[in-house]
Amino acid sequence: MKSKKLLAMLLAGAMSLSLLAGCGNSNATADDGATDGGATATDSDLAYVKDNGKMVIGYTVYEPMNYTDANGQFTGFDTEFAQAVCAKLDVEPEFVEINWDTKVIELDAKSIDCIWNGMTITDDLTQNIAVSDPYVKNMQVVVIKDSNKDTFTDTASLAGAKLVAESGSAGQQAVEADPDLSQASLTTVGKQTDALLEIESGASDAAILDWTLAKSMIGEGTDFADLMMIDGAELSVEEYGIGFRKGSDLCTEVNKVMKELVEDGTLPALAEKYGLNLAE
């Protein structure tokens, strides 16, 4: 009798150990691969977005790329471009305004699925995130008040001036790299539109920002009618790309869709609508 009880106890103990071992393996698998949204490390970014049924797009207010028009409609080249891509992927676009300084952190944390906002392709970015093929050409320009056009005529005349640029932007990098502008005092702001407000108020003498934004937001018929670009003061020629998480297959898929939208005329039509030049 005792031997039967002992055998039963031994069998029960063995079953318990087996169950514990099974739970341990299951937990290890979940821990090793768990990510936000129930995805695993082996899941693709493309699958993650499709499972969620949406692509969360990080942007800042930047006309003509992403902005709200006079009718209260959220629009822009990048907005319509993203909507066209999402339609091809059969997911909904969800636009989330972000802090440009923390865009890569937001991307890695999966607060957003991509950065789609006239993002200049740089070596620093390509080392930290996946970047799409270039789609629009841009350059950095110098914006001043019309009333200062005789004072500030080129970059050399700005050596002792008060400059403003968006923090972490290509504009800030252009200032730091230019032998004349790097001698000036530089203030950084959260958005390029804030840089225009700095010039408008007289707090700064000149703003260094994207040509794509400047051509849409300054001069006759705009809210910044008394601002102008300094002719011949183009600081750098650059290209825009879309940012994704490092190693993302979503980037590869968007590149494929982008080519389709070029071939079917969608992107060229958008470029003409917003007065932009597509990358070659």
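Residues numbered from 1 in each chain as written. Predicted model: local features only at pLDDT ≥ 70, side-chain atom pairs only at ≥ 80, totals over all residues. Heavy atoms only, no water.

Draft legend 1. Expanded view of the state of the cysteines. By the definition in use, this model includes 0 disulfides. Free of any disulfide, Cys-114 has its nearest neighbouring cysteine sulfur in Cys-86, separated by 7.3 Å. (Disulfide = S-S within 2.5 Å.)

Draft legend 2. Geometry of the packing of helix 3 (residues 77-89) against helix 10 (residues 266-274). The interhelical angle for the contact between helix 3 and helix 10, taken along N-to-C directions, is 165°, at an axis separation of 10 Å. Looking at the two axes, helix 3 sits roughly antiparallel to helix 10. The hand of the helix 3/helix 10 crossing is right-handed. Contact residues: Phe-77, Glu-80, Phe-81 and Ala-84 in helix 3; Thr-266, Leu-267, Leu-270, Ala-271, Lys-273 and Tyr-274 in helix 10. For the contact of helix 3 with helix 10, the residue count by class is 7 nonpolar, 1 polar and 2 charged. (Axes fitted to C-alpha atoms, helices over the stretch in contact; angles between N-to-C directions. Helix = DSSP H or I, 4+ residues; strand = E, 2+ residues; numbered from the N terminus. Parallel < 35°, antiparallel > 145°, perpendicular 65-115°, else oblique. Left-handed = near helix turned anticlockwise from the far one by under 90°. Contact = heavy atoms within 4.5 Å. Nonpolar A, V, L, I, M, F, W, Y, C, P; charged D, E, K, R; others polar.)

Draft legend 3. Broad picture of the nonpolar core. Met-55, Phe-77, Phe-81, Trp-116 and Tyr-135 are the most contacted members of the largest nonpolar core, which has 51 residues in total. With 7 residues, the single largest contributor to this core is helix 3. Ile-144, Leu-163, Val-175 and Leu-181 belong to the second largest nonpolar core, which has 14 residues in total. (Core = buried A, V, L, I, M, F, W, Y, C linked by side-chain atoms within 4.5 Å. Buried < 20%, exposed > 50% of the residue type's maximum accessible area, 1.4 Å probe, protein only.)

Draft legend 4. Looking closely at helix 7 (residues 192-201). Those residues of helix 7 that sit buried are Gln-192, Thr-193, Ala-195, Leu-196 and Ile-199. Down the axis of helix 7, the buried side of the element spans an arc of 150°, and every buried residue falls inside it. (Arc of directions from axis to C-beta.)

Draft legend 5. The pairing of strand 12 (residues 236-244), seen in detail. In this sheet, strand 12 lies alongside strand 5 (residues 114-120) in antiparallel orientation, the contact comprising 3 bridges. Following the sheet pairing, Thr-120 is matched in strand 12 by Tyr-240. Two strands pair when backbone bridges link them, and strand 6 (residues 130-131) and strand 12 are joined in this way by 2 bridges, in the antiparallel orientation. Directly across from Ala-130, in strand 12, lies its bridge partner Phe-244. Two elements, strand 7 (residues 136-145) and strand 12, share 5 bridges in a ladder whose sense is antiparallel. Residue Gln-140 lies in a different strand from strand 12, and its bridge partner there is Ser-236. (Pairing = 2+ DSSP bridges.)

Draft legend 6. Here's a closer look at the pattern of salt bridges. What the rule picks out here adds up to 6 salt bridges. Note that Lys-54 and Glu-94 form a salt bridge whose closest N and O atoms lie 3.0 Å from each other. With Lys-54 in strand 1 (residues 54-59) and Glu-94 in strand 4 (residues 92-97), this residue pair connects regions lying 40 residues apart in the sequence. Take Lys-54: its relative accessible area is 29%, and that puts it in the partly exposed class. (Salt bridge = Lys/Arg side-chain N within 4 Å of Asp/Glu carboxyl O.)

Draft legend 7. View of the pairing of strand 5. Of all 7 residues in strand 5, 7 are buried; the element is thus mostly enclosed. Summarising the sheet, strand 1 and strand 5 pair through 2 bridges and their orientation is parallel. Its bridge partner being in strand 5, Gly-58 is matched across the sheet by Ile-115.

Draft legend 8. Spotlight on unusual backbone geometry. With an omega dihedral of 15°, the bond running from Glu-63 to Pro-64 counts as a cis peptide bond. Tracing the chain through its elements places Pro-64 in the loop between strand 1 and strand 2 (67-68). Its identity as a non-glycine residue notwithstanding, Asp-90 has a phi of 60°, on the positive side. Considering the arrangement of structural elements, one finds Asp-90 in the loop between helix 3 and strand 4.

In short, geometric facts, not functional conclusions.
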